[in-house]
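Each chain is listed here by its residues.
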Amino acid sequence: MTSRRKATESRSNAEYEKLLEQNEEGQNIHHETESRGLGSDRGNVMLLLLLYVLQGIPLGLAGSIPMILQNRHVSYKDQATFSLAFWPFSIKLLWAPLVDSVYFEKIGRRKSWLVPAQYLIGLFMLLLSPNVNELLGEGSDHPPNVAFITCVFFALNFLAATQDIAVDGWALTILSRENVGWASTCNSVGQTAGYFLGYVVFLALESKDFCVNYLGQNDSLVTLPGKCFLYFWGIVFCTTTTAVWLFKHEKDDSEVEIDEPDFGLIGTYQILGRVLKMKTMRDLILVLLTCKDRLALLSIPMTPVQVLLPFYISRYTAGPKPLNPFMFGYPLRLLLGLVFAGLVWLTPMFKAADGSYPLYYYGIIIVIYLIHQVFVNCMFVGVMAFFARISDSSVGGTYMTLLNTFTNLGGNWPAWIALRFVSELTWKSCTGVMDILSCDSAQEEKAGGGTCHTTVDGYYIESVVLMTFGFLWMQWGLPTIKRLQSLPPSAWAVSKW
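This report concerns the structure included in the present document. Keep in mind that this is a model prediction, so the values were computed, not measured.

### Concerning the packing of aromatic side chains
Thought 1: For the structure on display, the rule yields 17 aromatic pairs.
Thought 2: Arranged with centres 5.7 Å apart and planes meeting at 70°, the rings of tyrosine 361 and tyrosine 362 form a pair that is edge-to-face.
Thought 3: Classification of tyrosine 362 as partly exposed rests on a relative accessible area of 40%.
Thought 4: One aromatic cluster is present, formed by Phe350, Tyr357, Tyr360, Tyr361 and Tyr362 through successive ring pairs.

Have a look at this one:
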């Protein structure tokens, strides 16, 4: 066994050295693949795009809820509570081996989980549609029940995370070997488009001001309750899932045995344990948990840029060094965090007497955010391409889920901490009343009859702290990334153990 493994590693190392030579000569592998084109994989790429778009819908919908809660004057602490609804994508590793190893052969390894998960998401939306206003406290004096809303969307995201496990695993085998890099592009483009539909499009068409001022309507075009947004997407989920179930067939048993050997439930969990014990994997996990920054809560609809950029960046993520765009974008993204903070601080200076802002102010925001999106996509596409290159397809769903889990976790814990403690880091003073001990809410200010003034905003404190941490992290993180990227494929393989 040892000699066989050494021989395998030697072959892998030799192949890797060849890839390095080709990359230095101009990334010949990528150009050769481009010349062949997608061929028979074109339909599979379109299917993956559709599945990732559907995956982004519930994520976008959940992302719109904090905006609605903010309009209901919900505190940042309660918004931090709701952010827990996104955690299924950070803990999906717990049930990923189950999705990878338990299935019905007649249905297919991936469709056994994909089909019921998407049907349940559709039914969930149909059932939620007539009751969502009551949950959000619309039309009543009672505040939203944030804890219950969090549980509801936690369940919805649990189903979406399960669908993600199945799609990620399917993406590694549904495409031919030379086109497997398209999986990361489908992921980036599809999720971005789905999130845009579920978040930006919904909030725009749900806004009465937007529909009246820009679309010439008398009222909002869509609403969450009734036979509108949730009802429509519930029908779409059920319809498309039926089509995938009936018309898209997975590989037959002989092909599955070659590409995806069945290790069983216990064996898959054992392989997961072995992966976590790998020194290279522990280093990569530490990078993923600490490299994220959440310095700005600003979001501008830049979907055309977010959709087109991954196609352009993919030419730089081909070959054995897909993380180079990540290392290029990280320090520049940190600097943009400081730019965002400065823009927020200067914003009151742009405000006109009637409360409006000039058009050039919005132009400044769009330009800065456009630059920000370039660096964000450089980092995301680079990481996803690296995951696709090192993942062992024999446990594809579990391996990709392991990597994506820690990527999501690395983004969720800074967001939760930032929202949770921004109020504590904000210093306020009250004038016109002596009995108010704090100005933590508009209700306290109104009840006391005074006026609260912000002396120091916690946003700026967090921006400086996280910026400093980011640049200190680079002293360890970037050399570690270079070392991990230079490892041969045998350093990541687990199926030969």
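The structure having been displayed, the exposition proceeds.
### Things to note about the nonpolar core
Thought 1: Ranked by internal contacts, the top residues of the largest apolar core, which has 56 residues, are Leu48, Ile65, Phe82, Ile149 and Phe153.
Thought 2: Counting residues in each nonpolar core, the second largest holds 39 residues, with Leu334, Val395, Leu402 and Leu478 among its members.

### Overview of helix α9 (residues 146–174)
Thought 1: Between the first and last C-alpha of α9 there are 40 Å, a value that for 29 residues agrees with the 42 Å anticipated at 1.5 Å per step.
Thought 2: Along α9, 23 of the 29 residues are buried, which leaves the element largely enclosed by surrounding structure.

### Overview of the pattern of salt bridges
Thought 1: Taken as a whole and assessed by the stated rule, the structure comprises 4 salt bridges.
Thought 2: Between aspartate 283 and lysine 279 there is a salt bridge, and its shortest N-O distance comes to 2.9 Å. Taken together, the residues aspartate 283 and lysine 279, both in helix α15 (residues 279–290) and 4 residues apart, mark about one turn of the helix.
Thought 3: Taking the shortest distance from any N to any O, the salt bridge between arginine 483 and aspartate 283 comes out at 2.8 Å. Of the two residues, arginine 483 sits in helix α21 (residues 458–485) while aspartate 283 sits in helix α15, which places them 200 residues apart along the sequence.
Thought 4: For arginine 483, a relative accessible area of 37% puts it in the partly exposed group.
Thought 5: Shared partners join several salt bridges into a network, and the residues in it are Lys279, Asp283 and Arg483.

### Concerning a nonpolar patch on the surface
Thought 1: A grouping of Leu98, Val102, Leu265, Ile266 and Tyr269 is seen on the molecular surface, where their side chains present a nonpolar patch of about 390 Å² in accessible area.
Thought 2: Broken down by element, the residue count for the nonpolar patch peaks at 3 residues, all from helix α14 (residues 264–277).
Thought 3: For leucine 265, the location among the structural elements is in helix α14.

Quick notes on the rules
Residues numbered from 1 in each chain as written. Predicted model: local features only at pLDDT ≥ 70, side-chain atom pairs only at ≥ 80, totals over all residues. Heavy atoms only, no water. Phe/Tyr/Trp six-rings, centres within 6.5 Å; stacked < 30°, edge-to-face > 60°. Buried < 20%, exposed > 50% of the residue type's maximum accessible area, 1.4 Å probe, protein only. Core = buried A, V, L, I, M, F, W, Y, C linked by side-chain atoms within 4.5 Å. Helix = DSSP H or I, 4+ residues; strand = E, 2+ residues; numbered from the N terminus. Expected span 1.5 Å × (residues − 1). Salt bridge = Lys/Arg side-chain N within 4 Å of Asp/Glu carboxyl O. Patch = residues over 30% accessible without salt bridge, like charges linked within 9 Å, V, L, I, M, F, W, Y side chains within 5 Å. Areas by Shrake-Rupley, 256 points an atom, 1.4 Å probe, with all protein chains shown as cover.

By themselves, these are just geometric observations and shouldn't be taken as functional.
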